[in-house]
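Listed here are the chains, written in short residue letters.
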Amino acid sequence: MKLQNKTLLITGGASGIGFLMCRMALEKGARSVVIWDVNQTNMDKAVAELSPLGKVYAYQVDVTSAEQIATTHTLMQQEGIVVDVLINCAGIVRGNATFDKQTLRDIDLTMAVNALAPMYVSREFLPEMLERHSGHICNIASAAGLIANPRMSVYAASKWAAIGWSESMRIELQESKSGVRVTTVTPYYISTGMFDGVRSRVLPILKPERVARKILRAIERNKIMLGMPLGYHFIRICQAILPLRWFDVFAKMLGIYSTMDNFTGRKA
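Overview of the structure. (Residues numbered from 1 in each chain as written. Predicted model: local features only at pLDDT ≥ 70, side-chain atom pairs only at ≥ 80, totals over all residues. Heavy atoms only, no water.)

### Describing helix H2 (residues 40–50)
Point 1. For H2, the set of buried residues is Met43, Ala46 and Leu50. Along H2, the residues classed as buried sweep out an arc of 65° about the axis, all on the same side. H2 presents Lys45, Ala48 and Glu49 as exposed residues on the side facing more than 90 degrees away from its buried surface.
Point 2. Where H2 is buried, its residues touch helix H1 (16–27), strand S2 (32–37) and strand S3 (55–60). (Buried < 20%, exposed > 50% of the residue type's maximum accessible area, 1.4 Å probe, protein only. Helix = DSSP H or I, 4+ residues; strand = E, 2+ residues; numbered from the N terminus. Arc of directions from axis to C-beta. Contact = heavy atoms within 4.5 Å.)

### Description of the pattern of salt bridges
Point 1. Tallied over the full model, the rule gives nine salt bridges.
Point 2. Measuring nitrogen to oxygen at the nearest pair gives 2.8 Å for the salt bridge that ties Arg94 to Asp106. With Arg94 in the loop between strand S4 (85–88) and helix H4 (104–132) and Asp106 in helix H4, this residue pair connects regions lying 12 residues apart in the sequence.
Point 3. Glu167 is the partner of Arg170 in a salt bridge, and the nearest nitrogen-oxygen pair spans 2.6 Å. Pair noted here: Arg170 and Glu167 are both in helix H5 (residues 153–175), with a separation of three residues, about one helical turn.
Point 4. Each of Arg23, Glu27, Glu209 and Arg213 takes part in a single network of salt bridges with overlapping partners. (Salt bridge = Lys/Arg side-chain N within 4 Å of Asp/Glu carboxyl O.)

### Comments concerning the environment of Ile219
Point 1. Looking at the secondary structure, you find Ile219 in helix H6 (residues 208–220).
Point 2. A C-alpha to C-alpha distance of 34 Å links Ile219 and Asp261, two positions 42 residues apart in sequence.
Point 3. With near-sequence residues (within four places) excluded, Ile219 lies in contact with Met1, Leu3, Val85, Ile87, His136, Cys138 and Thr183.

### What to know about the sheet that holds strand S7 (residues 225–228)
Point 1. Pairing is parallel in the open sheet, where seven strands are placed in the order S3-S2-S1-S4-S5-S6-S7. Looking at which strands have only one partner, the edges of the open sheet turn out to be S3 and S7. Going from strand to strand, the sheet's axes swing by 15° on average, the running direction of each strand aside.
Point 2. Across five bridges, strand S1 (residues 7–11) lies against S2 in parallel orientation. Each residue of the ladder has a partner; that of Ile10, found in S2, is Ile35.
Point 3. The sheet contacts of H2 involve S2 and S3, and relative to S3 the element is tilted by about 175°. (Pairing = 2+ DSSP bridges. Axes fitted to C-alpha atoms, helices over the stretch in contact; angles between N-to-C directions.)

Okay, structure coming up:
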């Protein structure tokens, strides 16, 4: 699906790779971008910066609230906005505590934003895509949803859930010959501030601009799954062929299991 003359809805679109994808989509000739975000200040800044490039809509939405999602969708319909591409980009990580020290609030919030919210938003917009026999849903998950890592158990759980749901939905739509496509993205750490303090010994921490560009390219090419960086695929192969205890040793040698030790996260 070419992005030219298309309307994209990007959750978490006021900052990070969400904002970069908004900018790049408009530069590619998108008809408009729709930003959903909880941070009004960031949205105001994003709209001011993006408006010279094209049409920008912005709505303050808590994507963990099915009610707010439905209300905002109705408002968009009243304003004549038809979404061609939905990118579920909003995400959070709540520290690097081991699971025994996780709070119930952190568990609930992480699962709500990273796993449930993409389902809620997609469920809202999918029916109209099915009616048009056209559309694309892109779900930004994480490499942590495929390779378990200490000190991020709940985050990993949320991304495993997101990947399983995204892939299952893709197959359902494919088998029904619906015309709606699904792309699942599983990047390694990205230097947006969300994972400040992370140390990676072997695999490079990804640059946001490159990630945003590759995601949009994957959507245009109807790619099923996008994993980054290239070395990540080698680790996945090792994970598939090695006994789990051997893979643990291998992961420790590469420093994968210690990446979160010095995590600080984005400062408020």
